[in-house]
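Breakdown of the fold
As a plain string of letters, each chain reads:
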Amino acid sequence: MSDELENVVEALGVEEEISVSDFGHEAWARARAVRIARYWSGEVAPESRQAEARVVWSASALSVLFVCRQEEPLVVSDAPQFAEKSLGLWDRDVCEIFVAPDAPERYFEFEAAPTGEWLDLAIYWRSEGRETDWLYRSGMEAAARVEAGRVNVAMRIPWSAFGRDAAPRAGERWRANLYRAVGRDPERGYLAWRPTHAPEPSFHVPEKFGWLEFK
């Protein structure tokens, strides 16, 4: 794994399209992993809660794979649904990526759970506070696979989700952050690739985003 405190995620360019459920595709082994090893506060999380993430991109989509240690009972819905976004997904076990193609004050939130449930939101920071577009439709796909001691969560997000007609150019950089939420209250853990250092657990601190670099 790479250093959890670095500030660049390298997205590996691939020519072929990768299915969201293809956890064994060889491109994932070639993509450079980043560690999600600290809580939002910057404190190192127990290894039993840590994760890593890899990002790849193609002509059609941005894809991310989270591989998470799982040594405690899953916190998931008893009745998962997949036809629509699952509001409140953030209250259960979940992996998240926030992506800002332009200014970090306008970003997109994508979540997926160990059940395969998903959530997509568009976020705008204005002078009066945070505004959320609950009706945003990205066209994202999500998949998950639970194994002994490990959870794999994947997302595939088309470029149209970012208001783009085509893929970015190699060398382009966007702002981004990666997160994992795990466990139940009062021992719930909020892990961040780039810690937000908020007064209370929060992922919505765009000025703390790192960089997503398209290779």
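Quick caveat: nothing in here was measured; it's all calculated off a predicted structure.

All right, on to the overall build of the chain then. Within the chain one finds 1 helix and 14 strands. Overall, the C-alpha framework of the chain stretches about 45 × 45 × 35 Å when taken along its three principal axes. Taking all contacts inside the chain whose residues are at least 6 apart in sequence as the whole, residues at least 24 apart take part in 63%. On the chain, roughly 9,700 Å² of surface is accessible, and the fraction owed to carbon and sulfur atoms is 48%. Positive and negative side-chain charges in the chain, numbering 26 and 37 respectively, have mean positions lying 3 Å apart.

Enumeration according to the criterion identifies 2 cavities of 30 Å³ or more in this entry. Looking at which element gives the most residues to the lining of the largest cavity, the answer is strand E12 (residues 173-182), with 3 residues. Considering only residue class, the lining of the largest cavity consists of 8 nonpolar, 1 polar and 2 charged. Estimated volume of the second largest cavity: approximately 40 Å³. Lining the second largest cavity are Val14, Glu17, Ile18, Val56, Ser58, Ala61, Ser63 and Arg156.

Here we come to the layout of surface pockets. By volume, the largest pocket is sized at about 260 Å³. Taken together, 16 residues line the largest pocket, and the ones lying closest to its centre are Trp90, Glu96, Glu109, Glu111 and His204. Of all elements in the fold, only strand E6 (94-100), strand E7 (106-112), strand E8 (118-126) and strand E9 (129-133) reach the threshold of two or more residues within the lining of the largest pocket. Among the residues forming the lining of the largest pocket, the class breakdown is 8 nonpolar, 3 polar and 5 charged.

So, about the pairing of E7. Of all 7 residues that make up E7, 6 are buried, and the element is covered over most of its length. Note: E6 against E7, 5 bridges, orientation antiparallel. The residue of E7 that forms the bridge with Cys95 is Ala112. Turn length for the E6-E7 hairpin, with the two strands adjacent in sequence and antiparallel, is 5 residues.

Further remarks concern the nonpolar core. Core analysis: the biggest nonpolar cluster contains 43 residues, and Leu62, Phe66, Phe110, Phe162 and Leu178 have the highest contact counts within it. Discounting residues that sit within four places of it in the chain, Phe162 has contacts with Leu62, Val99, Pro101, Phe108, Phe110, Ile157 and Trp174. With 14 residues, the next largest nonpolar core counts Ala113, Leu119, Ile123 and Phe209 among its residues.

Turning our attention to the side chain of Glu172. With respect to the helices and strands, the residue Glu172 is situated in the loop between strand E11 (150-158) and E12. Side chain to side chain, Glu172 and Trp174 meet in a polar contact 2.9 Å long. Beyond its immediate chain neighbours, meaning those up to four positions away, Glu172 contacts Arg164, Leu212, Glu213 and Phe214.

Turning our attention to the pattern of salt bridges. Applying the stated criterion across every chain yields a total of 18 salt bridges. Residue Glu147 pairs with Arg145 through a salt bridge whose shortest N-O separation is 3.2 Å. Under the relative-accessibility criterion, Arg145 is labelled partly exposed at 36%. Linked by salt bridges that have partners in common, Glu6, Glu10 and Arg32 make up one network.

A residue-level look at the chain finds 98% of positions with pLDDT of 70 or above and a mean pLDDT of 96. Confidence over residues 1-5 falls short of pLDDT 50; this stretch has 12 contacts with residues more than four positions distant or in other chains.

Glancing now at the packing of aromatic side chains. In the structure shown here, the tally under the stated rule is 18 aromatic pairs. Ring centres 6.5 Å apart and planes at 75 degrees place the aromatic pair Trp57 and Trp159 in the edge-to-face group. Taken together, the residues span a long stretch of sequence, with Trp57 in strand E4 (residues 51-57) and Trp159 in the loop between E11 and E12 at a distance of 102 residues. For the ring pair Phe98 and Tyr107, a centre distance of 5.5 Å and an interplane angle of 20 degrees mean the geometry is stacked. The pair Phe98 / Tyr107 is uniform in exposure class, with both members buried.

With that out of the way, let us pick up a nonpolar patch on the surface. A surface patch of nonpolar side chains, about 320 Å² in accessible area, is lined by Leu87, Trp90 and Trp134. Looking at the secondary structure, you find Leu87 in the loop between strand E5 (61-69) and E6.

Conventions and cut-offs
Residues numbered from 1 in each chain as written. Predicted model: local features only at pLDDT ≥ 70, side-chain atom pairs only at ≥ 80, totals over all residues. Heavy atoms only, no water. Helix = DSSP H or I, 4+ residues; strand = E, 2+ residues; numbered from the N terminus. Contact = heavy atoms within 4.5 Å. Areas by Shrake-Rupley, 256 points an atom, 1.4 Å probe, with all protein chains shown as cover. Lys, Arg positive; Asp, Glu negative; His and termini not counted. Charge placed at Lys NZ, Arg CZ, Asp CG, Glu CD. 1 Å grid on protein atoms, 1.4 Å probe; cavity = no way out; pocket = protein on both sides within 12 Å on 5 of 7 lines; lining within 4 Å. Points joined across faces, edges and corners; volume = space filled by probe spheres on them. Nonpolar A, V, L, I, M, F, W, Y, C, P; charged D, E, K, R; others polar. Buried < 20%, exposed > 50% of the residue type's maximum accessible area, 1.4 Å probe, protein only. Pairing = 2+ DSSP bridges. Core = buried A, V, L, I, M, F, W, Y, C linked by side-chain atoms within 4.5 Å. Polar contact = N/O pair within 3.5 Å; in protein donor to acceptor, adjacent residues only side chain to side chain. Salt bridge = Lys/Arg side-chain N within 4 Å of Asp/Glu carboxyl O. pLDDT = per-residue confidence, 0-100. Phe/Tyr/Trp six-rings, centres within 6.5 Å; stacked < 30°, edge-to-face > 60°. Patch = residues over 30% accessible without salt bridge, like charges linked within 9 Å, V, L, I, M, F, W, Y side chains within 5 Å.

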